[in-house]
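Listed below are the residues making up each chain.
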Amino acid sequence: MSVLEAKNLYKNFGAVEVLKDINLSIDEGDFLVLVGPSGCGKSTLLNITAGLEDMSAGDIMIDDAVVNEVPPKDRDIAMVFQSYALYPTMTVEKNITFGMKVRKVPQALRKEALERVAGLLHIDHLLDRKPSQLSGGQRQRVAMGRALVREPRIFLFDEPLSNLDAKLRIQMRSEIKQLHQRLGTTIVYVTHDQTEAMSLATKIAVMNGGVIEQLGAPQELYDTPNSVFVADFIGSPAMNFIKGQVVDVAGNASFVSTHKGTDVRVPVGHYGFTEQPVEGQEVILGVRPEYITSNATEHQGVASMNFELTPKLMETTGFDQHVLFDFCGGEIAGRFSSKIEVVINQPQTVHIDLSTISIFDGKSERRI
Amino acid sequence: MEKLIARYLPKIVVAPSFAAVLFFVYGFIGWTIWVSMTKSRILPKYDLVGLIQYDKLWATPRWLVAIENLGIFIFLFVAIALVVGLFLAILLDQKVRAEGFIRTTYLYPMALSFIVTGTAWKWILNPGLGIQKVVRDLGFPDFEFGWLVDPEMALYTIVIAGVWQSSGFVMALFLAGLRSVNQEIIKAAMVDGIGPFRIYTGIIIPSLRPVFISAIIVLVHLAIKSFDLVIALTSGGPGYSTDMPATYMYAMAFSRGQLGQASASATIMLMTVCIFIIPYLYSELRQKNV
Amino acid sequence: MSDQTANVARAGGKRWSPILLRGLLFLILGLFVLYYTLPLFVMVVTSLKSLPEIRQGALLGLPKEIVLDAWSNAWSEACAGVTCVGLKPYFWNSVVLVVPAVIISTAIGAINGYILSMWQFKGSNIIFGLMLFGCFIPFQAVLLPMAITLGKIGIAGNVAGLVLVHVVYGIGFTTLFFRNYYVSVPIELVKAAKIDGAGFWTIFGSIILPMSAPVIVVTVIWQFTSIWNDFLFGVSFSQGDNQPITVALNNIVNSTTGVKEYNVDMASAMIAAIPTLLVYIVAGKYFIRGLAAGSVKG
């Protein structure tokens, strides 16, 4: 039995299709992250799940029951908002217990729940303060407290960390993850930040233009992205893409660059094609910068190749360097250990590990 | 079921107000326009006869005087109030220490009823005992300031009183506008070596365009409605020399028993206001929806 | 933010000595302070003089001897036309008119503003626009039909009728103030409250209303001032004993019978002006905010 299920969900605003045929399901204890660029429909999907907006077609099911007509307060959900949405004229205590009061929960139970949640989130010393007297991180905790106290079936988070500064964001992220591990709650979380998605989720749904491009575990999306969009979105720095063709399909299947003047030829016989490629098919080859290193590395994968390339630009992160090379009419980025000396415009041996490449059809941009 | 009520409750709650507005504003406007096309005199009649009331109106000397007065008044009142208001706002923006006190002083006239203002200025401009006497006592025995009782000049006394009452408000609008001018543009201009006068005339004042428009709308609106001030200051006199469409309408409606004329003059007033207000409201509301 | 214009002036200070400019600035500002306060000064001073002293002229002079008779006369004996009862009864007429009119129009405006900003539905913006337009019409266009309607309902010429008129034509403004204020409240607050289980009225009472103090103050001050100061509706829809103070004032000042008692006229004007002046002095900055909100629509 799945906790939350969306079936053939559509949403239109007038003539604009915001959500198209959304299908997903999550189980108890899942941490589903909806991630994608602005306007992809992730917040709309969240609002529909909460019951704050209506769908144009399709169903939302919670615990196998269709809840389309059920108002938000009866769906057994709780929501944390980007702007926290704390009631400004109420103390922290009143903010957290407001919902319980509305539902006529007895005073004793309210107190108990308040203490439990305040202790869990380390906000017990803030109970008498008003939201304007709290810092951003504290407000976020109070907002989570308000949600936790409901002990709902599903927690919904709408970009809760976007208003925090970088350091605080990472700290809160880790706290949310710990809460999830401790309490085993089912969560649907919206963000535009792929790092957040990768670190928090048990399942990620990458959305684009109202459609779910891929739904799967973080590692799955990293290793075998379904499309150029997902491949580009997940992982930082982004995957390198090289245009070319697949040739000699019957014999030594290889990828050749179609850029004039280059004769790069890369063996792809080891690659697990999902459909048989056509001879001369236009494709896009994807290689992550993590697998483009200096020749000094020990690792020689199932397939690999060396090239002499000229570095154009180099950015250090302290631990490694991101180096940009000219390649096949475009640029590729590699990650070199910072111990390696890289000199701009001086040719350098570059080692490309081909065991984890991705190949996408040139026109549909889908994985083949 | 609950969802149904929830969906309709807001509409139900706002409905009475909306209905009231529809009836008391738009319904009544419709009535007035209708009656302006009838032969109504002391009592309203409802048979339409076309635009004869308007023909009569535009042939009535008193109405023509009122319209002319309105035109002159609007022009002078708006222009002077704008200039004074902008001037004072720029002055007051110069980091003056007593700004709060000064601002309060410039603005308090807006808190007064037009009747009070009219009464006060009627006394100040009193030909025998007012300003005329003050200046004469100062050593100018031939100084004349009998504007209040001079049919040619009485209108300008209304301008004086009106500007006194409203220019502080215009100043407040411009002051708020000046304070929201983008500082960085000014800094860039100063770095470019542009002098203060050019900065004001070339950058700051043009950027106050929305404030100009708001101020003009409010001032024109006040001017067209000016009834209280005229009644208190001159009662439309001497004779009809300071009559305005508003006082004309009132006279026709409540003293002369000429409901058709009253409705026609009221309709003309309405049209005049619409010409200004409708485009403004339209653009404001569209912006809000973005 | 007055920095930049001050800097601008300083930038051009090379030709004129800054002290000279500053002095000129204060001079001009001071002259205008005189300009605005003079009429008030004249009113007060005249109201405290005896008639003989007034007739000697010296408009701007302080009273040689402070005489309070004009004030007591204005309050209880002054003649408006035929009746000579002073302003007292009309003062209370205005009070009885203003209090319910302000309370009702503010309450309605608050609820309407709440609905039009947080519970928007198809056509709610059109409704708002139509209500807003009602603020701007010259009231001459509704004067006659209103007189007839009040007569038909049976409340013509008394306080109830005037209250109705002021409420109906005040709703546009009060709704505008509240709606503009509530529009800047994040809608997520309402979403959170819905999830917490609060309904339409609970959200209004427990969450929105408690945070409305600023706009309530502005609206009440605005409504109080414009209803107390109104003349047109007063003179059109009330008669005799029921008239508000502005109408009575005008009657006193413009009555043609007897000797012109300038000091009584001025005292009467002051009595009519004091309530709104007091409100302005005490809560002036809210009043200014209300003016700006009503016209600049920021």
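Residue positions are given per chain, counting from 1 as you read along its sequence in written order. Chains and ligands are labelled sequentially in the order written, the chains with letters from A and the ligands with numbers from 1. Per-residue local features are limited, in this predicted model, to residues with pLDDT of at least 70; the limit for side-chain atom pairs, both in listing and counting, is 80 or more; totals at the level of whole chains, interfaces and linings are taken over all residues.

Describing the overall build of chain B
Link 1 in the chain: In DSSP terms, a helix is any run of H or I states spanning at least four residues, a strand is any run of E spanning at least two, and both are numbered starting from the N terminus. When helices and strands are tallied, chain B shows 13 helices and 0 strands.
Link 2 in the chain: Across chain B, helices and strands are ordered from the amino to the carboxyl terminus as α-α-α-α-α-α-α-α-α-α-α-α-α.
Link 3 in the chain: In summary, chain B has a C-alpha radius of gyration of 24 Å against a globular reference of 19 Å for 290 residues, an excess of more than 25%.
Link 4 in the chain: Each principal axis of the C-alpha distribution contributes one length, and for chain B these read about 80 × 70 × 30 Å.
Link 5 in the chain: Counting other C-beta atoms within 10 Å of each residue's C-beta, where C-beta atoms are placed from the backbone, gives the exposure class: buried for 20 or more, exposed for 12 or fewer, partly exposed between. Looking at the 290 residues of chain B, the share that counts as buried comes to 44%.
Link 6 in the chain: Remark: residues whose backbone-derived C-beta atoms lie within 7 Å of one another are considered to be in contact. Here the contacts in chain B between residues at least 6 apart in sequence split such that 68% fall between residues at least 24 apart. The globule rule used here is 2.2 Å times the number of residues to the 0.38 power, and the radius of gyration it is set against is calculated over C-alpha atoms.

So, the interface of chain B and chain C
Link 1 in the chain: Residue-level contacts link 92 residues of chain B with 79 residues of chain C.
Link 2 in the chain: No other element matches helix H1 (residues 2–35) of chain B, which puts 16 residues into the side of chain B that touches chain C.
Link 3 in the chain: Nonpolar residues are Ala, Val, Leu, Ile, Met, Phe, Trp, Tyr, Cys and Pro. Charged residues are Asp, Glu, Lys and Arg, and all others, Gly as well, are polar. The residue inventory of the side of chain B that touches chain C, partitioned by class, reads 65 nonpolar, 18 polar and 9 charged.

Some details on the pairing of strand S14 (residues 281–287) of chain A
Residue and element names in this part refer to chain A.
Link 1 in the chain: Here S14 lies mainly inside the structure; 5 of its 7 residues are buried.
Link 2 in the chain: As paired elements, strand S11 (residues 240–247) and S14 share 7 bridges and run antiparallel to each other. If you follow Phe-241 over to S14, its bridge partner there is Gly-286.
Link 3 in the chain: Pairing between strands is defined by DSSP: at least two bridges between the two strands are required. Pairing of S14 with strand S21 (residues 358–361), which is carried by 4 bridges, proceeds in the antiparallel orientation. Bridged to Val-283 within S21 is Asp-361.

Focus: the nonpolar core
Link 1 in the chain: Grouped together as the largest cluster of nonpolar side chains are 267 residues, with contacts concentrated most on Leu32(A), Val33(A), Leu34(A), Met79(A) and Leu156(A).
Link 2 in the chain: It is helix H3 (residues 61–92) of chain B that provides the largest number of residues to this core, a total of 15 residues.
Link 3 in the chain: Apart from residues no more than four positions distant in its own chain, Leu156(A) is found in contact with Leu46(A), Thr49(A), Ala50(A), Ile77(A), Ala78(A), Met79(A) and Val188(A). The term nonpolar core refers to a set of buried Ala, Val, Leu, Ile, Met, Phe, Trp, Tyr and Cys residues connected through C-beta atoms within 7 Å.

A look at helix H5 (residues 114–124) of chain B
Link 1 in the chain: For H5(B), the buried fraction is high: 11 of the 11 residues fall into the buried class.
Link 2 in the chain: Turning to H5(B), its buried residues number three or more, namely Phe114(B), Ile115(B), Val116(B), Thr117(B), Gly118(B), Thr119(B), Ala120(B), Trp121(B), Lys122(B), Trp123(B) and Ile124(B).

Description of the sheet that holds strand S8 (residues 186–191) of chain A
All names here are of chain A.
Link 1 in the chain: Strand order across the open sheet formed by 6 strands is S6-S7-S8-S3-S9-S10, with mixed pairing between neighbours. Only two strands of the sheet have a single partner each, and these edge strands are strand S6 (77–80) and strand S10 (211–216). The mean angle between the axes of side-by-side strands here comes to 15°, regardless of whether they run parallel or antiparallel.
Link 2 in the chain: Two elements, strand S3 (residues 31–35) and strand S9 (residues 203–208), share 4 bridges in a ladder whose sense is parallel. Residue pairing in the sheet places Val-33 in a bridge with Ile-204 of S9. Every axis corresponds to a line fitted to the C-alpha atoms, with the helix fit spanning only the stretch in contact, and the corresponding angles, defined between N-to-C directions, vary from 0 to 180 degrees.

Quick look at the sheet that holds strand S19 (residues 330–337) of chain A
All names here are of chain A.
Link 1 in the chain: Overall, antiparallel pairing links the 3 strands, which are arranged S17-S18-S19 in an open sheet. The two strands at the open ends of the sheet, each matched to only one other strand, are strand S17 (311–316) and S19. Neighbour-to-neighbour, the strand axes of the sheet open up by a mean angle of 25°, direction not taken into account.
Link 2 in the chain: In this structure, S17 lies alongside strand S18 (residues 320–327), joined through 5 bridges in antiparallel fashion.

Notes on unusual backbone geometry
When glycine is set aside, most residues are seen to have a negative phi, and most peptide bonds are trans.
Link 1 in the chain: Each neighbour pair has its own omega, and for Ser236(A) with Pro237(A) the value is 0°, a cis peptide bond.
Link 2 in the chain: Here Pro237(A) lies in the loop between helix H8 (228–233) and S11.
Link 3 in the chain: With a phi angle near 60°, Lys104(A) is a residue other than glycine that sits in the positive phi range.
Link 4 in the chain: Along the polypeptide, Lys104(A) turns up in the loop between helix H2 (92–102) and helix H3 (107–121).
Link 5 in the chain: When the 7 C-beta atoms within 10 Å are taken as the criterion, Lys104(A) is described as exposed.
Link 6 in the chain: At Lys95(B), a residue that is not glycine, the phi angle is positive and equals roughly 50°.
Link 7 in the chain: For Lys95(B), the location among the structural elements is in the loop between H3 and helix H4 (99–107).

So, helix H8 (residues 159–183) of chain C
Side chains three or four residues apart in an α-helix point the same way, a direct result of the helix having 3.6 residues per turn.
All names here are of chain C.
Link 1 in the chain: A rise of 1.5 Å per residue sets the reference length of H8, with its 25 residues, at 36 Å; its end C-alpha atoms lie 35 Å apart and thus fit the reference within 8%.
Link 2 in the chain: The angle between axes fitted to the seven residues ending at a residue and the seven residues starting there is what we call the bend at that residue. Of all bends in H8, the biggest is about 40°, found at Gly-170.
Link 3 in the chain: Across the 25 residues of H8, 21 count as buried, placing the element largely inside the fold. Expected helix span is taken as 1.5 Å per residue step, with the number of steps being one fewer than the number of residues.

Quick notes on the environment of Ala66(B)
Residue and element names in this part refer to chain B.
Link 1 in the chain: Mapped onto the elements, Ala-66 comes out in helix H3.
Link 2 in the chain: Overall, the presence of 25 C-beta atoms within 10 Å leaves Ala-66 in the buried class.
Link 3 in the chain: Separated by 182 residues in the primary sequence, Ala-66 and Tyr-248 place their C-alpha atoms 7.2 Å from one another.
Link 4 in the chain: With near-sequence residues (within four places) excluded, Ala-66 lies in contact with Asp-243, Met-244, Pro-245 and Tyr-248.

Focus on the environment of Ile115(C)
Link 1 in the chain: The topology assignment puts Ile115(C) in helix H5 (residues 88–118).
Link 2 in the chain: By C-beta crowding, Ile115(C) is classed as buried, having 27 other C-beta atoms within 10 Å.
Link 3 in the chain: In this structure, the C-alpha to C-alpha distance between Ile115(C) and Tyr182(C), residues 67 residues apart in sequence, is 9.4 Å.
Link 4 in the chain: When sequence neighbours within four positions are dropped, the list of residues in contact with Ile115(C) reads Pro10(B), Val13(B) and Val14(B).

Some remarks on the pairing of strand S4 (residues 57–62) of chain A
Residue and element names in this part refer to chain A.
Link 1 in the chain: With 5 bridges joining them, strand S1 (residues 4–13) and S4 adopt antiparallel strand pairing. Paired with Tyr-10 across the bridge in S4 is Ala-57.
Link 2 in the chain: The sheet contact formed by S4 and strand S5 (residues 65–66) spans 2 bridges and is antiparallel. Along S5, the bridge assignment pairs Met-61 with Val-66.
Link 3 in the chain: Taken together, S4 and the strand that follows it, S5, pair antiparallel across an intervening segment of 2 residues, in which Asp-63 is found at a positive phi of about 55°.

So, the environment of Met252(B)
Residue and element names in this part refer to chain B.
Link 1 in the chain: Mapped onto the elements of the fold, Met-252 is located in helix H12 (residues 245–255).
Link 2 in the chain: Among the residues examined, Met-252 registers 24 C-beta atoms within 10 Å and is labelled buried.
Link 3 in the chain: Residues Met-252 and Ala-262 lie 10 residues apart in sequence; the distance between their C-alpha atoms is 5.1 Å.

Observations regarding the confidence of the model for chain B
Link 1 in the chain: Confidence along chain B averages 86 in pLDDT terms, with 97% of residues attaining 70 or more.
Link 2 in the chain: Both scores are given for the predicted complex: the pTM is 0.85, the ipTM 0.85. A score from 0 to 100, pLDDT tells how confident the predictor is in each residue.

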